[in-house]
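# Examination of the molecular architecture
In case you want the letters, here they are:
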Amino acid sequence: VSVSATSGEASGPGGARERKSGNTTHIVAVDAVGNMASITVTLGDFFGSGVMWSGFFLNNQIYDFERVTPETKKSVNLPAPRKRPASSQCQTLVFEEGAPAYALGSPGGARIPAAAGLIFLNAAIYGLDFQAANEAPRLFFNVKDRTLHVEGGFAPPVLDALRARFGAVRQQEPLDLFFGGVQA
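Residues numbered from 1 in each chain as written. Predicted model: local features only at pLDDT ≥ 70, side-chain atom pairs only at ≥ 80, totals over all residues. Heavy atoms only, no water.

Our focus in this paragraph is the overall build of the protein chain. When you go through the protein chain residue by residue, the secondary structure sums to three helices and 10 strands. Ordered by position from N to C terminus, the α and β elements of the protein chain give β-β-β-β-β-β-β-α-α-β-β-α-β. Within the protein chain, contacts between residues at least 6 apart in sequence are counted, and of these 38% link residues at least 24 apart. Total accessible area on the protein chain stands at roughly 11,300 Å², and carbon and sulfur atoms take up 58% of it. (Helix = DSSP H or I, 4+ residues; strand = E, 2+ residues; numbered from the N terminus. Contact = heavy atoms within 4.5 Å. Areas by Shrake-Rupley, 256 points an atom, 1.4 Å probe, with all protein chains shown as cover.)

Encoded structure:
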């Protein structure tokens, strides 16, 4: 069993977003006969909604809905009865010829699909083992601020090409949990 927790975003004073830590956990488990589980649990904020039910804190993912403003009034992610907010969770089970091959997933908010997708590509397409696939430099394009975030480890010519293509490039430290903590 492998467990990872990383930071998420939460509403702070005045509704401003602020970073919190340890609000999402991802677990991958595989037993001796190949049964697999890929589980992501998120509370949203520290202690989630603050409501405990049957020994578990309930999350407060309601803040994942768009706030209703004139700019968002046509968004598909507005709160409504019987509706769930958009989510970036991407628990993944991979089978090869019908047999369980591996499971993966990650905490990391909006960066989860990119983190899990890069690990999958590095393993399935480029043939890296999971340790090497997880340690390879990662990147994430933030559509809201049009910034490409790159993890340390990219060669300088690659960074130059990325800057030429994307403009705003923000370099993070190697193995930065900003990109999630993929478990496989």
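That shown, we press on.
Counting across every chain of the model gives four aromatic pairs. For the ring pair Tyr 102 and Phe 120, a centre distance of 6.5 Å and an interplane angle of 45° mean the geometry is tilted. Of this pair, Tyr 102 sits in strand β7 (residues 99–104) while Phe 120 is found in helix α1 (residues 112–125), placing the two residues 18 residues apart along the sequence. Assessed through its relative accessible area of 30%, Phe 120 is described here as partly exposed. On the numbers, 4.6 Å between centres and 70° between planes, the contact of Tyr 102 with Phe 130 is edge-to-face. Remark: Phe 130 occurs in helix α2 (residues 130–135) and Tyr 102 occurs in strand β7; sequence separation between them is 28 residues. (Phe/Tyr/Trp six-rings, centres within 6.5 Å; stacked < 30°, edge-to-face > 60°. Buried < 20%, exposed > 50% of the residue type's maximum accessible area, 1.4 Å probe, protein only.)

A few words on the pattern of salt bridges. Under the defined criterion, the tally for this structure stands at two salt bridges. In this structure, Glu 151 and Arg 138 form a salt bridge, with 3.0 Å as the shortest nitrogen-oxygen distance. Highlighted residues: Glu 151 in strand β9 (residues 147–151) and Arg 138 in the loop between α2 and β8 (139–142), separated in sequence by 13 residues. Neither Glu 151 nor Arg 138 differs from the other in exposure class; each is buried. (Salt bridge = Lys/Arg side-chain N within 4 Å of Asp/Glu carboxyl O.)

Moving on: the environment of Phe 178. Positionally, Phe 178 belongs in the segment after β10 (169–172). For Phe 178, a relative accessible area of 11% puts it in the buried group. Between the alpha carbons of Phe 178 and Pro 107 there is a distance of 9.6 Å; along the sequence they are 71 residues apart.

The three strands lie next to each other as β8-β9-β10, forming an open sheet whose pairing is mixed. The open sheet is flanked by β8 and β10, the only strands paired with a single partner. Strand-to-strand twist across the sheet, computed as the mean angle between neighbouring axes with direction ignored, equals 20°. In the sheet, β9 pairs with β10 via four bridges, with the strands oriented parallel. Bridged to Glu 151 within β10 is Gln 172. (Pairing = 2+ DSSP bridges. Axes fitted to C-alpha atoms, helices over the stretch in contact; angles between N-to-C directions.)

Limitation: the analysis is restricted to geometry and does not speak to function.
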